[in-house]
Structure formats: C-alpha cells, structure tokens
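# Observations on the model geometry
One-letter residues, chain by chain:
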Amino acid sequence: MTWTLALPELVLAIAGLVILVAGVLPKQETFFPVSMACIGSLLLAAVLVLGQPEGTALGGHYVADDFSGFMKLLAIGGAAIGILLSLDYNTKEGLGRFEFPLLMLLATIGMMVMISANDLLSLYLGLELLSLPLYVIAAFNRDSARSAEAGLKYFVLGALASGLLLYGSSLVYGFAGTTNFDRLADAFSADSGVTAGVVVGIVFVIAGLAFKVSAVPFHMWTPDVYEGAPTPVTAFFAAAPKVAAIALLARVLVGPFGDLAGQWQQVITLVSLGSMTLGGFAAIGQRNIKRLMAYSSIGHVGYALMGLAVANDVGLRGLLVYMAIYVAMNLGTFAVLIAMRRKGRAVEQVEDLAGLGRTDLGTAVWMAVFMFSMAGIPPLAGFFGKLYVFLAAVQAGFWTLAVVGVLTSVVSAYYYLRIVKVMFFDAPAGALDPAPASLTVVMAASGLFTLFFVLWPAPLLAAAQAAAAALLG
Amino acid sequence: MIAALAFYLFAAILIASAVMVVTARNPVHSVLFLILAFFNAAALFLIAGAEFLAMILVIVYVGAVAVLFLFVVMMLDIDFARLREGFQRYAPIGAIIGGILFLELLLVLSGWSFADQADDLRLSPNPGASVTNAAALGRILYTDYVYLFQLAGLILLVAMIGAIVLTHRERAGTKRQDIAVQVARSGSVVLEEVPVGAGIKALGIRRPPEPEAEPPKVTHDAHHGGHH
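Scope of this entry: the structure provided in the associated data block. (Residues numbered from 1 in each chain as written. Chains lettered and ligands numbered in written order. Predicted model: local features only at pLDDT ≥ 70, side-chain atom pairs only at ≥ 80, totals over all residues. Heavy atoms only, no water.)

### Regarding the overall build of chain A
Secondary structure summary: chain A contains 19 helices and 4 strands in total. The C-alpha radius of gyration of chain A comes to 21 Å, within 12% of the 23 Å expected for a compact globule of 473 residues. Its C-alpha atoms put chain A at 70 × 55 × 40 Å along the principal axes. Counting all 473 residues of chain A, 62% fall into the buried class. Of the roughly 15900 Å² of accessible surface on chain A, a fraction of 69% belongs to carbon and sulfur atoms. Charged side chains of chain A number 23 positive and 25 negative; the gap between the two group centres comes to 10 Å. (Helix = DSSP H or I, 4+ residues; strand = E, 2+ residues; numbered from the N terminus. Rg over C-alpha atoms; globule rule 2.2 N^0.38 Å. Buried < 20%, exposed > 50% of the residue type's maximum accessible area, 1.4 Å probe, protein only. Areas by Shrake-Rupley, 256 points an atom, 1.4 Å probe, with all protein chains shown as cover. Lys, Arg positive; Asp, Glu negative; His and termini not counted. Charge placed at Lys NZ, Arg CZ, Asp CG, Glu CD.)

### What about helix 16 (residues 381-395) of chain A?
All names here are of chain A. Taking 1.5 Å of rise per residue, 15 residues should cover 21 Å, and helix 16 covers 21 Å from first to last C-alpha, within 8% of that figure. Among all positions in helix 16, only Ala 381, Gly 382, Phe 384, Gly 385, Lys 386, Tyr 388, Val 389, Phe 390, Ala 392 and Ala 393 are buried. Where helix 16 is buried, its residues touch helix 12 (289-310), helix 13 (313-339), helix 15 (361-375), helix 17 (399-425), helix 18 (437-452) and helix 19 (458-472). In the segment just after helix 16, Gly 397 is the residue with positive phi, at about 85°. (Expected span 1.5 Å × (residues − 1). Contact = heavy atoms within 4.5 Å.)

### Section: the side chain of Asn90(A)
Residue and element names in this part refer to chain A. Along the polypeptide, Asn 90 turns up in helix 3 (residues 66-93). On the basis of relative accessibility, which here comes to 0%, the residue Asn 90 falls in the buried class. Beyond its immediate chain neighbours, meaning those up to four positions away, Asn 90 contacts Phe 31, Leu 95, Gly 96, Phe 100 and Pro 232.

### Remarks on the side chain of Thr30(A)
All names here are of chain A. Considering the arrangement of structural elements, one finds Thr 30 in the loop between helix 1 (7-24) and helix 2 (31-50). By relative accessible area, which is 9% here, Thr 30 ends up buried. Polar contacts involving the side chain of Thr 30 include one to the main-chain carbonyl oxygen of Gly 23, which spans 3.0 Å. Setting aside anything within four residues of it in sequence, one finds Thr 30 in contact with Gly 23 and Phe 98. (Polar contact = N/O pair within 3.5 Å; in protein donor to acceptor, adjacent residues only side chain to side chain.)

### What to know about helix 19 of chain A
Residues and elements named next belong to chain A. Here helix 19 contains 15 residues, and its C-alpha end-to-end distance of 21 Å stays within 8% of the 21 Å for a straight helix at 1.5 Å per residue. Packed against the buried residues of helix 19 are helix 3, helix 10 (231-254), helix 13, helix 16 and helix 18. Directly after helix 19, the chain includes Gly 473, whose backbone phi takes a positive value near 70°.

### Points about unusual backbone geometry
Residues and elements named next belong to chain A. Between Val 216 and Pro 217 the backbone carries a cis peptide bond, its omega angle lying at 5°. In this structure, Pro 217 sits in the loop between helix 8 (196-212) and helix 9 (221-228). The omega torsion across Pro 378 and Pro 379 is 5°, close enough to zero to call that bond cis. Within the secondary structure layout, Pro 379 lies in the loop between helix 15 and helix 16. Even without being a glycine, Ala 311 presents a positive backbone phi close to 60°. Tracing the backbone shows Ala 311 in the loop between helix 12 and helix 13.

### Observations regarding the interface of chain A and chain B
Counting from both sides, the interface comprises 34 residues of chain A and, opposite them, 24 residues of chain B. Of the roughly 2600 Å² buried between chain A and chain B, counting both surfaces, carbon and sulfur atoms make up 81%. Along the contact surface separating chain A from chain B lie 0 salt bridges. Connecting chain A to chain B are 3 residue pairs in polar contact (both at pLDDT 80 or more). Those elements that provide at least two residues to the side of chain A that touches chain B are helix 1, helix 4 (99-115), helix 5 (120-138), helix 6 (145-176) and helix 8 of chain A. Looking at the side of chain A that touches chain B element by element, the count peaks at 8 residues for helix 5 of chain A. Looking at the side of chain A that touches chain B, its residues break down into 23 nonpolar, 6 polar and 5 charged. (Buried area = accessible area lost by both parts, 1.4 Å probe. Salt bridge = Lys/Arg side-chain N within 4 Å of Asp/Glu carboxyl O. Nonpolar A, V, L, I, M, F, W, Y, C, P; charged D, E, K, R; others polar.)

### A look at the packing of aromatic side chains
Residues and elements named next belong to chain A. Tallied over the entire structure, the rule returns 20 aromatic pairs over all chains. Seen in terms of ring centroids, Trp 221 and Tyr 226 are 6.5 Å apart; in terms of plane orientation they differ by 70°. Their pairing is edge-to-face. For the residue pair Trp 221 and Tyr 226, the accessibility class agrees, reading buried in each case. The interplanar angle of 70° and the centroid separation of 6.2 Å between the aromatic rings of Tyr 303 and Phe 390 together place this pair among those described as edge-to-face. Remark: Phe 390 occurs in helix 16 and Tyr 303 occurs in helix 12; sequence separation between them is 87 residues. Just as Tyr 303 is buried, Phe 390 falls in that class too. In this structure an aromatic cluster arises from ring pairing among Tyr 135, Tyr 154, Phe 155, Phe 211, Trp 221, Tyr 226 and Phe 237. One cation-aromatic arrangement involves Arg 97 over Phe 140; the distance from NZ or CZ to the ring centre is 4.7 Å. Its end group placed over the ring of Tyr 303, Lys 386 keeps NZ or CZ at 4.7 Å from the ring centre. (Phe/Tyr/Trp six-rings, centres within 6.5 Å; stacked < 30°, edge-to-face > 60°. Lys NZ or Arg CZ within 6 Å of the ring centre and 35° of its normal.)

### Regarding the pattern of salt bridges
Residue and element names in this part refer to chain A. Enumeration according to the criterion identifies 13 salt bridges over all chains in this entry. Two residues, Arg 251 and Asp 65, come together in a salt bridge whose shortest N-O distance is 3.4 Å. In this pair, Arg 251 sits in helix 10 while Asp 65 sits in the loop between strand 2 (62-64) and helix 3, placing the two residues 186 residues apart along the sequence. The buried category is assigned to Asp 65, whose relative accessible area is 16%. Here Arg 291 and Glu 227 are joined by a salt bridge, their closest N and O atoms 2.5 Å apart. A residue pair is termed long-range when its members are at least 10 positions apart, and Arg 291 in helix 12 and Glu 227 in helix 9 qualify at 64 residues. Judged by relative accessible area, Arg 291 falls into the buried class, the value being 18%. Beyond isolated ion pairs, a larger network of salt bridges with shared partners links Glu 149, Lys 153, Asp 224, Glu 227 and Arg 291.

Listed below in structure tokens is the structure:
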C-alpha cells in the first residue's frame, strides 16, 4: 500500500490535530498564533503537493496527477489567503477565536480529498469534510441573527444536496457494481447502450455538485449565505471551495462518465446558460455589495462551466485558467470589501464606497482594477479567462453558449462599472478607515497579478494544459 | 420454512410500525413505534446473517438516537395538532411529488438487469464460514478502506468542534468549581466524632458556621466597582 502518495493530506491532517491541541491548552486566546500556524501548515502542504509523484493509492480511493496538483495549489492558496484576510476583521468584530482558522484548515483537507477523489466514496466524504466546517464558520458570528440564518440555511440546503448526490451515487453503483472511477469508466465505455437509470444517477450527482458551485438552478442559497456570513467567510466561500467543487465536477464527468459526454453535455450547457444569465441580470438591482458579489460569482461559475460543457482539452484548459484567474481577482475584491469600515463599524452597501477615489486612492484603484477585470475588459486577467472559454466554445461549435456568454458579460459590465463610477464620481460619504496592512498586501498582490497577467501568461497556460491533458488521460 | 415465517413476521411488524410512526397522533407513541421498527429491522439483519449490523442498529439507533428523540419530543412543547392543520391543503402537492418519485423509481427498475451471480452474493455477508461477520468487516475497514475510515473520523471531529464553537460560551453568573478555593478552605470544615447510633433526632442537623457575616459587604463593593 503506497500511503506515502497522500503525504500532503496526511501532513495537513496531523498538523491540524496538533494545532487543535496547542490552541486549546493555553488559558488566553490563541487566535493569532493558531492562524499563523495554519497558514504555515498550508504552505508546507503546498510544497508537498509540488513534489508529489503521480499514481493511485490507498486501495484506489486516491489519485494524484497534474490535474490534482494544479487544483490543490489553487485551493490551498485560496484557503491560506482566506485565513490571512480574516485576521484583522475577526479581531475587530470579536470573532477572534482559534477554532476559526482551524476549521478553515480542516475544510482545506476536505477540498484536497475531493480533488484527489478516485472513488464515489472518497468523493462524498471529501465533500462532507469540506461542507461541515463551512456550515459552522458561516454561523460563526452567533450573536448575529443574519449569520445564524446563513449557517442554518446553508446547512439545510447543503444536507439536501448531499442527499441528492448520495442518491445519484447509489444509482450509479447499482448499475455499474463499483464505485471506483477507473472501473466505472471501464463499465461505461463498453458500447452496451446506456440505461435510463445511469443517466438519472449522473443527473443527481451533477445536481449535488452544482449546489456546491452555486450554479443555476441550485443557486438560491448563495445571496443569503454570502450576505449573512461574516465577510472573510464570504471571501473564503467564493474562492477555495468553488475550486474544489469545480475540480470534482470536472473529474467525475470527464473521468468515469467521459464516454457518456453526449448525455451530460446538455445538462452542463443548460446550467451554464442559466448561471450566466442570472449572474448578469439579477445583480443589477443589488444595493448590498456582498449580495452583488454573490450573483457575480454565480455568473462566473456559468462562464467556467462553459469550458466543461465543451468537454475537450481546449475547453478544460479554459476552465482551469478561468478558475485560477477568478480566485485571484475574487480574493483581491474581497480584501477591499473586508477593509470597508467607517468609524470602526463594518459597512457593506455600494453607496458606502462613494468618493473612495478622493479619500483613499490606493484602495479605490485596486478595486477599479478588479471590477474592470471581472467585467472582462482587456488587457486585464479577467479578459483572458473569458477569452479562453469563449474560444473553446466557438471552436467546438457551441455558438449558443458563446453568444449568450458575450451578451451577459456586456450586461454584467454595467454593475461592475457602476461601482467604479460610485467610487470616482460620486460625492464622498465620509472617509473609510485606513485598510490594515494584511489586506493591503493581498489587494496589491492580486491586483498586480490581474494587471500583469497579460505579460507573462505562459506558465499558467502550460500548467493548465498539462492538467487538462492528465484529466483526459 | 421457519426462517421464511420469521422473515414475514418481522417484515410485517416492521411495515406496520413504520406506518404507525407516521400516523400516530401522539408523538411519544410515534417514537416508541420507531423503536419497535428498529428492533424488527435488526431481526431482519440477523436472518440475513449480518449480526454485526443488527447489534449496531440496536445499540446506536435504539440506544442513542431514538432515546434522544424521545427526550426531545417530551421536553419540547410542540403543538402537533397545529402542525397537522395544513395537511389537507398540502396533501395534493405531496401526492403529486410522491407520484413523480414513484414513476421515476419504476423507470429505474424497468431498466435494471441483475448480474448472474447476484442471487448467490445477496445472502453471503461472510467471506468464509470460519470468519465471523464483525471480523470480516474489520478486515476490510482497516485495510482497503482505511483512508475513508480516517476521513470519517475527521468529519466527526469537525462536528464536535462545530458543536462546541457554536454553543459553548462563558456566561456571567454561572457557578464553577474552583478546586484551589475548596482545598484552601480551612476552619469551616471539621471532623467531629459522633456517637454511633444516635441518629439525627438526638443530635439535630449540624450546619457549618455561616461565613457570611463579613464577606458580603466586600463582594458587594467589588461588584459595584466592576460595573462602573
């Protein structure tokens, strides 16, 4: 048994247990040292992922390849920056308890398990290990009714989605007689004709995973949860777990169900169309910027899924590049949102940004960069993300997807640019508090990436290309 | 023959008690019928040769889950008559959804083809006659499935952390045991020799001397100071 292949997960799990004991023993609160230790162990896990050999291990439940390496680095990066973003906010809001970064760390183990899943069982357990900490940190501000509502809503709907996923998995197992992805691929590659039961099973599995990536029509929880949860938690939700769930969706559909692409492509196409349209139109009327970002993330998932609907190497490469760029600019945007405080109180309306260009030019410029990038304006990174998925869709003849994608990104440009207009052309509503150093660093880092991706896109493209090739086998 | 009779007996009681769980007017009766259903399901597992599962079902579901239900039902003041008010109104929608699910199940079952060996595999939970049920489960759980086993453990750990994070808090006014104070207490605790057999009637109830003559004033002041 080659258990050493799963070294990153093992090390992270053991580090989590050690940090838990070290955090709970001292009498005073250990939020800051525990956060630092969590970030440190995430970085250690990232290094181990970089040096990870390829292969399957642990009774075929675990697989490591270029695809898992790419997605894991993305998820770990998102999680580490998520913890960094929470440092200042949690201390100021009285949420500075050491369990917070620890739950994020445990959720990251769940993401890595999901990304490396090679079996329906490890898929499900990884998904639960990801979801359970997320329910808890959504309700982490337990004295706030909104936060408790967000946690409860997410929990109830998440349990429903898990049920759908399990039902689908049981149907697939019933018809194939195995839960292992490799053997499922063998079972479905034989041209014996696909039965209706398998298709029903696949649709249920897609429904369960679409809930996790908040794609239409399983998006209803997203605005409420994003609005109610503490802002660093929202930032975390919008970045790392989405990467893991998208990775899982891609691996399940392209791996074991690869030969049934004709069956699930229509489903993914419909989900993608719906998400893009809803993301484009529903965000227009939003006043609360966290709700706006929730609809924006639904739209972005729609664009990313366009790459999966195409289901060839160009499309998958587009999907991976899109997710990498999405995570980077999303974390930057949320760094700005977390920094939004006036006289020590967190504010979250679009109007609160009014006149930011005059009161805090640095933050306003970074926010403008992120908004232009999300709207897909060249030469910023967001434009290239969209370019690669649209290109794949056009090349493969998915004209409807490409046309709807272009139209909805024009519509969504309205609300992104409105934020820029509010920041630079409206009368100041009073200065916001200066952003703390940790947030400024994140803003600057992801802002520089967004600005200068155009100069040096080759490494990301090459990595995404290798990952897509590994997935298609 | 006897096995078949036992099967039909347990299955019939199981289904009947399951129906009673849903239809009983008194929620306490519902939970008691649920326990009966669990016991019959455990008996069915025994007939199939899965004695480990049967025991787990009794211990976990009857011993822990159902008793917990019972506590919750008895302690919460829920007006079940009001909960049932909407039944007439929602019945048609429920029937439609149930019908759709039933049709889907039919669709699935119509496309089902059993493997040739399925009949033999169905009732052989043991790999060989010499290995017991629990040992067979343990053998694969701790070898082939050790990854999943450990993951399940992590999930339970997260559930525990979550429950503590969301519910445990330090409230003002709660009394906690302070062992140092208890140990340092002297003078108020004395050993006395009491005549054997005298009883409480002869001796009266002895109380420790009340140390409250002086301290209340001090604590009152400190309390006051803390507020300002």
